[in-house]
Amino acid sequence: MLLRYILDDCANVEEVVQKTKTGILLPEDWQDCHLMVTDAAGSSVVIESRNSEISVIPSDICTNFYLAVPKLL
């Protein structure tokens, strides 16, 4: 669903980041995955859902490994 929201409503990375802050999707809806988003201006971020938290990490690379640093207890 996040991809659908992004494609339907966002024109650039800044709008995607704002969309993730609206709470339209909870981390539980797409737990333990990440998504790289880029736009025509060259901006890029990786959006991760991990441990029930959504992180937005500025990055121009994405691999099979998480980029966000988990919080320590």
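Structure shown above.
About the cut-offs
- Residues numbered from 1 in each chain as written.
- Predicted model: local features only at pLDDT ≥ 70, side-chain atom pairs only at ≥ 80, totals over all residues.
- Heavy atoms only, no water.
- Core = buried A, V, L, I, M, F, W, Y, C linked by side-chain atoms within 4.5 Å.
- Buried < 20%, exposed > 50% of the residue type's maximum accessible area, 1.4 Å probe, protein only.
- Helix = DSSP H or I, 4+ residues; strand = E, 2+ residues; numbered from the N terminus.
- Contact = heavy atoms within 4.5 Å.
- Polar contact = N/O pair within 3.5 Å; in protein donor to acceptor, adjacent residues only side chain to side chain.
- Salt bridge = Lys/Arg side-chain N within 4 Å of Asp/Glu carboxyl O.
- Lys, Arg positive; Asp, Glu negative; His and termini not counted.

Visitor: Please give an account of the nonpolar core that cites residues and values.
Guide: Among the nonpolar cores identified, the biggest contains 10 residues, and these are L2, I6, C10, V13, V16, V17, L35, V37, V45 and I47. The set of elements that each furnish at least two residues to this core consists of α1 (2-9), α2 (13-20), β1 (33-38) and β2 (44-50). Ignoring any residue separated from it by four or fewer positions in sequence, one finds L35 in contact with L2, L3, I6, V45, V46 and I47.

Visitor: Please provide a residue-by-residue account of the environment of H34, values included.
Guide: The topology assignment puts H34 in strand β1. Along the chain, H34 and A68 lie 34 residues apart, while their C-alpha atoms are 10.0 Å from each other. When residues no more than four places from it in sequence are discounted, the contact partners of H34 are V46, I47, E48, C62, T63, N64, F65 and Y66. Within the structure, the side chain of H34 is placed 2.8 Å from the backbone oxygen of T63, a separation counted as a polar contact.

Visitor: Talk me through the pattern of salt bridges; I want residue IDs and the actual numbers.
Guide: In this structure the tally under the stated criterion is 2 salt bridges. With a closest N to O distance of 2.9 Å, D8 and R4 form a salt bridge. With D8 and R4 both in helix α1 and 4 residues apart, the pair spans about one turn of that helix. D9 is the salt-bridge partner of K19, the closest N and O atoms lying 3.0 Å from each other. In this pair, K19 sits in helix α2 while D9 sits in helix α1, placing the two residues 10 residues apart along the sequence.

Visitor: Go over the side chain of D39 with me, naming the residues and quoting the values.
Guide: Structurally, D39 is set in the loop between β1 and β2. There is no salt bridge for the buried D39, and the closest opposite charge comes from K21, which lies 14 Å off by N-O distance. Polar side-chain contacts of D39 include one of 2.9 Å to the backbone nitrogen of V13. At a separation of 3.1 Å, a polar atom in the side chain of D39 contacts the main-chain amide nitrogen of A41.

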